[in-house]
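Reading the structure
Here's the letter readout for the chains.
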Amino acid sequence: MTQEPLLRMEHIGKEYFGNRVLADVNLTLQRGEILGLVGENGAGKTTLMKILFGMPVIKETGGYEGKMYLDGKEVNFDSPFDALDGGIGMVHQEFSLIPGFSTTENIMLNREFTCYSPLVELFGERLQTLNRPAMRQRAAKAIDTLGVRVDPDMLIQEMPVGHRQFTEIAREIDRESTKLLVLDEPTAVLTESEAAILVKALRKLADSGIAIIFISHRLQEILDLCDKILVLRDGMVIKEAPTKGTEIRQIASWMVGRTVEDKKQDDAVRVCLEPILRVDHLWVDMPGETVRDVSFDVCRGEIFGIGGLAGQGKLGIANGIMGLFAAGGAVTWKGKALKLNDPHGALEAGMAFVSEDRRGVGLLLDEPIDWNIAFTAMQVQGRCLKSLLGGLIQWRDDVAMASLAQEYIDALGIKCVSSRQRAVELSGGNQQKVCLAKAFAVGPELLFVAEPTRGIDVGAKKLVLDTIRETNRHKGTTVVMISSELEELRSICDRIAIVDEGRLAGMLSATASVEDFGLLMLGAGKGPEVAAGVR
Amino acid sequence: MKARRLVVRAAALFLFVALGVFLFVNGKGHDILLDNKTVTMGDQTYEAFASALISLDGKKAVEIQRRERLPEMLVGKNHVIRVEVMNRGGKVIQTREEKFSLGLDRTWLISLPMLISGDARWIQVFKTGEN
Amino acid sequence: MKNKSFKDILISNAVPIIFLVLSAAAIPLSGFTTSYLIQEMVTRMGRNCFLVLSLLIPIAAGMGLNFGMVLGAMGGQIAIILVTDWNIVGMQGLLLAAMISTPISLALGWLTGEILNRAKGREMVTSFMLGFFMNGVYQFIVLYGFGMVIPVENHAMLLSRGFGIRNAINLQGVRQVLDKFLMVDIGPIHVPMAAFIVIALFCLFILWFNRTKLGQDMRAVGQDMAVAKSAGIAVDRTRIIAIIISTVLAGYGQIIFLQNIGTMNTYNAHEQAGIFAIASLLIGGATVSRATITNVFVGVMLFHLMFVVSPMAGKTLMGQAQLGEYFRVFVSYGIIALALVLHALRRRMDKERERQSLRGGDAPAPANGH
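**Section: helix α7 (residues 123-148) of chain C**
The first and last C-alpha atoms of α7 of chain C sit 35 Å apart over 26 residues, in line with the 38 Å expected at 1.5 Å per residue. Bending of α7 of chain C peaks at approximately 30° at the position of V142 of chain C.

**Details of the interface of chain C and chain B**
Across the contact, 13 residues belong to chain C and 15 residues belong to chain B. Interface area, chain C with chain B, both sides summed: about 1300 Å², of which 62% is carbon and sulfur. In terms of surface lost to chain B, no three residues of chain C exceed N87, Q92 and M99 of chain C, which account for 43% of the buried area on that side. One salt bridge in this structure joins K28 of chain B and E153 of chain C, with 3.8 Å as the shortest N-O distance. Put simply, chain C and chain B have 4 residue pairs in polar contact (both at pLDDT 80 or more) between them.

**Here we look at helix α14 (residues 369-381) of chain A**
In an α-helix, one turn spans 3.6 residues; hence positions three or four apart end up facing the same way. All names here are of chain A. If you check α14, its first and last C-alpha atoms are 19 Å apart, about what 13 residues at 1.5 Å a residue would give, namely 18 Å. Where α14 bends most, the angle comes to about 40°, and this point is F375. Within α14, burial applies to I369, D370, N372, I373, A374, T376, A377, M378 and V380. On its buried side, α14 packs onto α12 (343-348), β19 (385-388), β20 (393-396), α15 (398-412) and α16 (428-441). Following α14 by one or two positions, G382 adopts a phi angle in the positive range, close to 70°.

**Description of the interface of chain C and chain A**
Each partner contributes to the interface: chain C provides 35 residues, whereas chain A provides 37 residues. When the two sides are added together, the surface that chain C and chain A hide from each other amounts to roughly 3300 Å², 58% of it contributed by carbon and sulfur. Where chain C touches chain A, the interface holds 3 salt bridges. Put simply, E105 of chain A and R219 of chain C hold a salt bridge, and the shortest N to O gap is 3.2 Å. Joining chain C to chain A, the criterion identifies 14 residue pairs in polar contact (both at pLDDT 80 or more). Within the residue set of the side of chain C that touches chain A, elements represented by two or more residues are α9 (193-210), α10 (213-223), α11 (225-230), α12 (235-261) and α15 (321-356) of chain C. Take the side of chain C that touches chain A: its biggest share by element is 7 residues, from α10 of chain C.

**Here's the deal with the environment of D153 of chain A**
All names here are of chain A. Note on placement: D153 falls in the loop between α6 (132-146) and α7 (161-174). Judged by its relative accessible area of 44%, D153 is partly exposed. Expressed as a C-alpha distance, the spacing of D153 and A139, which sit 14 residues apart in the sequence, is 9.8 Å. When sequence neighbours within four positions are dropped, the list of residues in contact with D153 reads S102, T104 and R136. Among the polar contacts listed, one links the side chain of D153 to the side chain of R136, at a separation of 3.0 Å.

Cut-offs and rules
Every chain is numbered on its own, with residues counted from 1 as its sequence reads. Written order determines the labels here, with chains lettered from A and ligands numbered from 1. For a predicted model such as this one, the threshold for reporting local features is a pLDDT of at least 70, and the threshold for listing and counting side-chain atom pairs is 80 or more; totals across whole chains, interfaces and linings nevertheless cover every residue. Each side-chain value is derived from all of the structure's non-hydrogen atoms; neither hydrogens nor water enter the calculation. Every helix listed is a DSSP run of H or I at least four residues long, and every strand listed is a run of E at least two residues long, numbered separately from the N terminus. Helix span, as expected, comes to 1.5 Å for every residue beyond the first. Across the chain, bend at a residue is computed as the angle between axes fitted to the seven residues ending at that point and the seven starting from it. Only heavy atoms matter for contacts: two residues are in contact if any of them lie within 4.5 Å across the pair. Buried surface area refers to the total accessible area, computed with a probe of radius 1.4 Å, that the two partners give up upon joining, counted for both partners together. For this analysis, a salt bridge means a side-chain nitrogen from Lys or Arg found within 4 Å of a carboxyl oxygen belonging to Asp or Glu. By the criterion applied in these results, polar contacts are pairs of N or O atoms within 3.5 Å in which, for protein atoms, one can donate a hydrogen and the other can accept it, and in which residues neighboring in sequence qualify only through two side-chain atoms. Using a 1.4 Å probe on the protein chains alone, a residue whose accessible area is under 20% of its type maximum counts as buried, one over 50% counts as exposed, and one in between counts as partly exposed.

All we've got here are geometric facts, nothing functional implied.
So this is what it looks like as structure tokens:
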């Protein structure tokens, strides 16, 4: 190698509270080179970029291992501002633009050109007036460099998403010192043609000598744009390869290629008798989990899985149907239309929901276990209530509540001192069981379970999954399970739908290969033949 | 650059305080009591005169009779008083113009007989009893 | 975007239109002559606009309708009490009062800013409560401090027990000093030109300020704090500066207001200042997040038209002037509530519109990898 690489990261590692998220990552990047960084959610891409960018969260959690060299000099950024000064620009997943400002104002944000005003001497630098013509010129130049057409005077809130993305990139490259540009999922919000323009613009930038790290789930873009590709899985570099001669399928299998640990226990093929729940063009406005257009059927008695990467909308589906977030479209429950945006109605219809937000929605943390378990049943079905005067006055039946709670404590093996213990004192796994018990107590025909194993340890995970399977097998409860962990879904579900960008990317039998699931999750599904079963 | 800024700011602060002091002194309203009574200072007695025209700072003159005490209001520190003593026939018999400056006290007493006679103690702070 | 429908214009100007209609109905009932009404409006504009203008900068910085100005008004009042006691009169007295109020309002503004930075997103209610709290401190200072710790020369201003300022004090030294400084008669109408020049200067200041780096930063902070912060703008500091500017100017505004009235209601004047200013601004069509100079003038005009006309209209209609008096209070609080409800409603409508794009039918087809 004749030239010192622009960026060299050596043996980078990082632990969060004893949880290893990155181990021994090595990376080199030349000037003008484009690196595609791929990996599943939680593979460590974001953490790696946070280390590079000097995000305070890294320092606050004990720093990182390994060394970084920029232009041959060792660097260790204390804050993102240091990284910016060092010549690293970053375009984040969410837009960091001011909606009511024009393109120019955003590109020049906090780097505005100013004219001297005598008041500066009295009240400080910020009383200089803005030099708008100069700013506009500078912004126009940055947009030009990108080779795209964006109106410098248009307000951000009035422009299409694609132009917003270009504005962000223009802002980063406008800094004179920028040598390295990190783009985290820049195309996620773009239409295909916009993405194509972006790819072209990035290529142009790279030709001018700026190195680019490009993070994307759209593998085709990676192949189109990047010079080389780095695959992360579970915090380790799985593969570093030039993009030439690499195929999407290969990348997908590198990304998700875990060994399958436990096979399904009962492989009896179950036939779909009749759809119990039919969802038509559902949309849900859940922040961070937007559902745009989803249609599917759930059969009576099956375990239906919904998977997909974080933030793609899989959680929104359950929250929308149960009425917790504003939703629209049509949901048919046992042949009758279900009223949306009505949590009580959904519960009364015989559905129950174990929320992913255990501590927020799922539990009354400061109340005892028996209250928690009996709460929904009491509210919706009037159980555990004593009536007086023909139901005019009702009050709690503590004895009935205690016995109901005890029944589930025994059945699910909830580890507690007594049924009067407060929920907040339980461990994560046991809290999850209380949530399940609360849902079971309603005796639902359909149970939504969202992220049931999130944040609980391995042993407890298995117990929770077993409980769900058992309820399905013995009580005939239809289950819709939503999880980010594909393996978990594959181990207990009959069919699995994959959600991508708020839409169904496809539906597969649980026995389909990991690779196929991987492709669907990454939005690279091939359409009709994979997506069979999607209406 | 930094030093200049410091100097400018210090100067501005100084100007601010200076302007405050200036306004305080220059805008202070004083109650003046013009007194035409016979006064005895030690062994000296100053006789009140029949009537006089008094003009403060060149404003329109007011007439004062024997044994009268007229209240007037003055704003600021330096002033001029012009007294024209008249005889019973209303003819000016004596004119005297004096410059004076007022301190920060609110109320001042000007004894016209003393002023005419040239006793330097003609203007004094007027103490009101605590009420 | 450009061809807004008539309905949209109607909705976004609902509040001023309602008030215009109400006033139009009440004017003939009140029986006032046109020249009397115009004179009243001119006087009241000169008296109140400055106070209301002081609200604009915090709104631009995203801090909503800010009762922090009540603290500024307190600063102005303490200054005017001191000046009256020292008997500094005329223009000098007025200027000195403004100068004394500056450091007091500055300190109070800084305090408000620090507190509001700890209550982001709940600025309005927090500053309202802070106003109540500081009212206690103000009363303590004025009721006990003056005459006990702060020497008072003019015993006529004190309560008979020897300390504490009387309920109402006479501001004869500075009464209408600014108004009379340059009184211009246009036909039968007396126009206090100096007051309007001061107000015009304030407007110019706001326009100029919007073009400074600090003004730009404030707008950025006002629209998206997180983004502004990530761009390296000192968000908290910027917000504090916005509040300080507002409080200091509110102090001046209160001094202008009081010199016009000529007497001071020692213990209530500042409370009314906050409520009336905010109500005026809202009646002018401003929202919690957006207010312009036009809103100020339209608002002060409509609010005070209502103010003048309603007691007489009440008397003609019901035979009781008291009713109009009730109406004023009802209106000023009611309008704040109404404007807040409308604001929430509009936000919900915007959200609903955004949701349209989520719906399957009219959204673009799913973008696959290739």
